Amino acid sequence: MTIAERYNEAAAKLLPHMAADLTVDPAITDANHIDEIVFRRSEYLGGMAIAILAMIDQ
């Protein structure tokens, strides 16, 4: 399972009302790339992405 798949799953579980805005391509294998993509959408979403990635890392 790629980091993006794990991230998308966690985003949908934690923030189902925002999952569409947070979702990234499941083929991505770099957390920094996920952050860059989501941050470009909005700073708020980028902050959420960082928090989700940190939770996955633990």
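Further up the page is the structure itself.
Residues numbered from 1 in each chain as written. Predicted model: local features only at pLDDT ≥ 70, side-chain atom pairs only at ≥ 80, totals over all residues. Heavy atoms only, no water.

What about helix α1 (residues 3–14)?
Given a rise of 1.5 Å per residue, twelve residues ought to cover 16 Å, and the 16 Å separating the end C-alpha atoms of α1 matches this to within 8%. Among the residues making up α1, those that are buried are Ala4, Tyr7, Asn8, Ala10 and Ala11. Mapping the buried residues of α1 onto a view down its axis gives an arc of 165°, with all of them on the same face. Turned more than 90 degrees from where α1 packs its buried face, Glu9 and Lys13 sit exposed. Residues of α1 that are buried sit in contact with α2 (19–22), α3 (31–41) and α4 (43–57). (Helix = DSSP H or I, 4+ residues; strand = E, 2+ residues; numbered from the N terminus. Expected span 1.5 Å × (residues − 1). Buried < 20%, exposed > 50% of the residue type's maximum accessible area, 1.4 Å probe, protein only. Arc of directions from axis to C-beta. Contact = heavy atoms within 4.5 Å.)

Digging into the packing of α1 against α3
Look at α1 against α3: their axes get within 9 Å of each other, and the N-to-C directions meet at 50°. Between α1 and α3, the crossing angle belongs to the class labelled oblique. You can see that α1 and α3 cross each other, and the crossing is right-handed. Along its contact with α1, which presents Ile3, Ala4 and Tyr7, the element α3 presents Ala31, Ile34 and Val38. (Axes fitted to C-alpha atoms, helices over the stretch in contact; angles between N-to-C directions. Parallel < 35°, antiparallel > 145°, perpendicular 65-115°, else oblique. Left-handed = near helix turned anticlockwise from the far one by under 90°.)

Regarding the pattern of salt bridges
Note on pairing: side chains with opposite charge can pair once their charged atoms come close. Within this structure, the stated rule accounts for one salt bridge. Between glutamate 36 and arginine 40 there is a salt bridge, and its shortest N-O distance comes to 3.9 Å. Placement of both glutamate 36 and arginine 40 in helix α3 is noted, with a separation of four residues, approximately one turn of the helix. Exposure remark for glutamate 36: the relative accessible area of 44% places this residue in the partly exposed category. (Salt bridge = Lys/Arg side-chain N within 4 Å of Asp/Glu carboxyl O.)

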